[in-house]
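Residue-level structure breakdown
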Amino acid sequence: MNVFINKVAKFMPNEPVGNEDMESFLGMIDNKPSKARRIILKRNGIKQRYYALDKNGQVTHTNAQMAANAIRNLFDDNFTIDDIDILSCGTASPEQLVPSHGVMVHGELGGEKDIEVVSFAGSCCTGAAALKYACMAVQADPKRNAIASASERLSAWMRSSYFQKESEHLSQLENQPMLAFEKDFLRWMLSDGAFAALIQGKPNENTISLQVDWIEMTSFANKMETCMYAGAEKDEDGVLKGWAMYPEQEWLTRSLFAVKQDTRMLSEHIVKLGVDYLIRLSEKHHFAATDVNWFLPHLSSMFFKNAVLEEFASRGFMIPEENWFLNLPYVGNIASASAFSMIEELMYSGKLKKGQKVLVMIPESARFSYCYCMLTVI
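Residues numbered from 1 in each chain as written. Predicted model: local features only at pLDDT ≥ 70, side-chain atom pairs only at ≥ 80, totals over all residues. Heavy atoms only, no water.

Points about a nonpolar patch on the surface
Selection criterion: Only residues whose relative accessible area exceeds 30% and that form no salt bridge enter a patch; like-charged residues are grouped when within 9 Å of one another, and nonpolar side chains (Val, Leu, Ile, Met, Phe, Trp, Tyr) when within 5 Å. Each accessible area is a Shrake-Rupley result for a 1.4 Å probe, and residues are judged covered by the shown protein chains and nothing else. Should a side-chain nitrogen of Lys or Arg be within 4 Å of a carboxyl oxygen of Asp or Glu, the pair is scored as a salt bridge. Runs of E in the DSSP output that reach at least two residues are strands. Runs of H or I that reach at least four are helices, and both are numbered from the N terminus. Only protein chains enter the accessibility calculation, which uses a 1.4 Å probe; a residue whose area is less than 20% of its type maximum is buried, one above 50% is exposed, and one in between is partly exposed.
A surface patch of nonpolar side chains, about 460 Å² in accessible area, is lined by Leu 97, Val 98, Trp 243 and Phe 257. Inspection of the secondary structure assignment puts Leu 97 in the loop between β4 (86-90) and α4 (101-109). The class for Leu 97 is exposed, based on a relative accessible area of 76%.

Considering the confidence of the model for the protein chain
What counts is decided by this rule: Think of pLDDT as the predictor's per-residue confidence, scored from 0 to 100. Contact criterion: two residues are considered in contact whenever any of their non-hydrogen atoms come within 4.5 Å of each other.
Mean pLDDT for the protein chain: 93, with 94% of residues reaching 70 or above. Predicted confidence is poor over residues 172-179, with pLDDT under 50, and the contacts of this stretch with residues over four places away or in other chains come to eight contacts.

Observations regarding the pattern of salt bridges
With the rule as written, the count across this model stands at 15 salt bridges. Close ionic contact of Glu 225 with Lys 234 constitutes a salt bridge, the shortest N to O distance being 2.7 Å. Residue class for Glu 225 comes out partly exposed when judged on its relative accessible area of 32%. When the shortest N-O distance is used, the salt bridge between Asp 262 and Lys 234 registers 3.9 Å. In this pair, Asp 262 sits in the loop between β12 (260-261) and α9 (263-285) while Lys 234 sits in strand β10 (residues 232-234), placing the two residues 28 residues apart along the sequence. Through salt bridges that share partners, Glu 20, Glu 23, Arg 37 and Arg 38 make up one connected network.

As for the pairing of strand β1 (residues 4-11)
Cut-off, in case you're wondering: At least two bridges found by DSSP between two strands is the condition for calling them paired.
β1 sits mainly inside the fold: six of its eight residues count as buried. Bridge count between β1 and strand β8 (residues 210-219): two bridges; the pairing is antiparallel. Paired with Ile 5 across the bridge in β8 is Leu 210. Sheet topology note: the β1/strand β7 (residues 192-200) ladder contains seven bridges and is antiparallel.

Here's the deal with the environment of Met 28
If you trace the backbone, Met 28 turns up in the loop between α1 (22-26) and α2 (37-44). For Met 28, a relative accessible area of 35% puts it in the partly exposed group. The sequence separation of Met 28 and Arg 159 amounts to 131 residues, and the corresponding C-alpha distance is 8.3 Å. In this structure, Met 28 is in contact with Glu 23, Pro 33 and Ser 160, ignoring residues within four places of it in sequence.

Concerning the packing of α9 against helix α10 (residues 303-315)
Put simply, the test is: Interaxial angles span 0 to 180 degrees and are taken between N-to-C directions of axes, which are lines fitted to C-alpha atoms, for helices over the stretch in contact. Any angle that is under 35 degrees is reported as roughly parallel, and any over 145 degrees as roughly antiparallel; angles of 65 to 115 degrees are reported as roughly perpendicular and all others as oblique. Crossing chirality is assigned from the near helix's rotation relative to the far helix, an anticlockwise turn below a right angle marking it left-handed and a clockwise turn marking it right-handed. Residue type decides the class: Asp, Glu, Lys and Arg count as charged, Ala, Val, Leu, Ile, Met, Phe, Trp, Tyr, Cys and Pro as nonpolar, and the leftover types, Gly among them, as polar.
Where α9 contacts α10, the two axes come as close as 10 Å, and the packing angle between them is 45 degrees. Overall, the two elements α9 and α10 adopt an arrangement that is oblique. When the axes of α9 and α10 are compared, the crossing they make is right-handed. Along its contact with α9, which presents Leu 266, Ser 267, Ile 270, Val 271, Lys 272, Val 275, Asp 276, Leu 278 and Ile 279, the element α10 presents Phe 303, Phe 304, Ala 307, Val 308, Glu 311, Phe 312 and Arg 315. Grouping the amino acids of the contact of α9 with α10 by side-chain chemistry returns 11 nonpolar, one polar and four charged.

Quick word on the side chain of Ser 282
Our working rule: N or O atoms within 3.5 Å of each other form a polar contact, as long as, within protein, one can give a hydrogen and the other can take it, and as long as residues adjacent in sequence are counted only when both atoms are side-chain atoms.
Mapped onto the secondary structure, Ser 282 falls in helix α9. Among the polar contacts listed, one links the side chain of Ser 282 to the backbone oxygen of Ile 279, at a separation of 2.7 Å. Beyond its immediate chain neighbours, meaning those up to four positions away, Ser 282 contacts Phe 287 and Phe 317.

Here's the deal with α4
The condition that has to hold: The directions from the helix axis to the C-beta atoms are what the arc is built from.
Turning to α4, its buried residues number three or more, namely His 101, Gly 102, Val 105, His 106 and Leu 109. One side of α4 carries all its buried residues, which in axial view fall inside an arc of 140 degrees. Where the residues of α4 are buried, they touch α3 (63-72), β4, β5 (116-120) and β6 (146-153). Just beyond α4, the residue with positive phi is Gly 110, at close to 75 degrees.

Following this line, the structure appears as structure tokens:
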């Protein structure tokens, strides 16, 4: 591609939240501390994250507002709101079914110019899908300026009030009710935030740019059942049953809209599928592990770092640990925005040198999708 990421900007809501303060923001179910919290935090390696909430659990920023703020941080004397031609938005946590997240971001941005807007829904790969669309649009017409954004307000799904009705229902059935691990698990994994990238047909003249060599995505849903989901339940046969199939009163007693994950299925498949796909792409695009100067893996948990390294070693495609760039422990898991977060931090770190290759890995556990993106420092 003759397409370039010329600038990346961010908006992180409020101050970072440490591990011991999480329940002050998210709340306690039945006024009791989570029994799983400490175990999960020890394994995931996350030390702090960001919430678009105050300590009373009140929303401080919407998803669309955060995305718009990140986009505004791209503006300067050379690029203004009226220079945008395309707005491509991805999120796993839109705040409404209709209108689309993208047009809500456009509405927050304002401005006088009517522009093309597209939205991508799903999970962690939605930001990469938004980036790929923006790149293809600029490739088709290099004179157009495209913005790709990825933003999340995942705290919307993690507040204790959303689980209270289920807990009360369980109390009527059991002596010692406890929220299912698959629902409690992700309450301690996710973070809020927004990022935006400026995509243009020419590189920067005086500062570095990242040329987008290729973006490849694939789904394994033809082979794999659902692993992570919200607004649905899985039956014993692994079939997903959506919220509209349940009586309204069960939406709360089942915590139907909570984000849930089958952690056993995740551990068994996510790493192997990703390395399989990477080796296929290395053959297609003719590159070796030794060609990668920087590896930016979106990890949901630091638990998976050694698992990926071990799989690399066993498959003979070893990207050494010193070439990895991660910010999960101090930024948190921002789902679709995590890859943008790593790109933004590395781009302005002073560590990049012209000619270096940057490989970005984005797994999506929802029904097992993967994205890889190769960038060249220009």
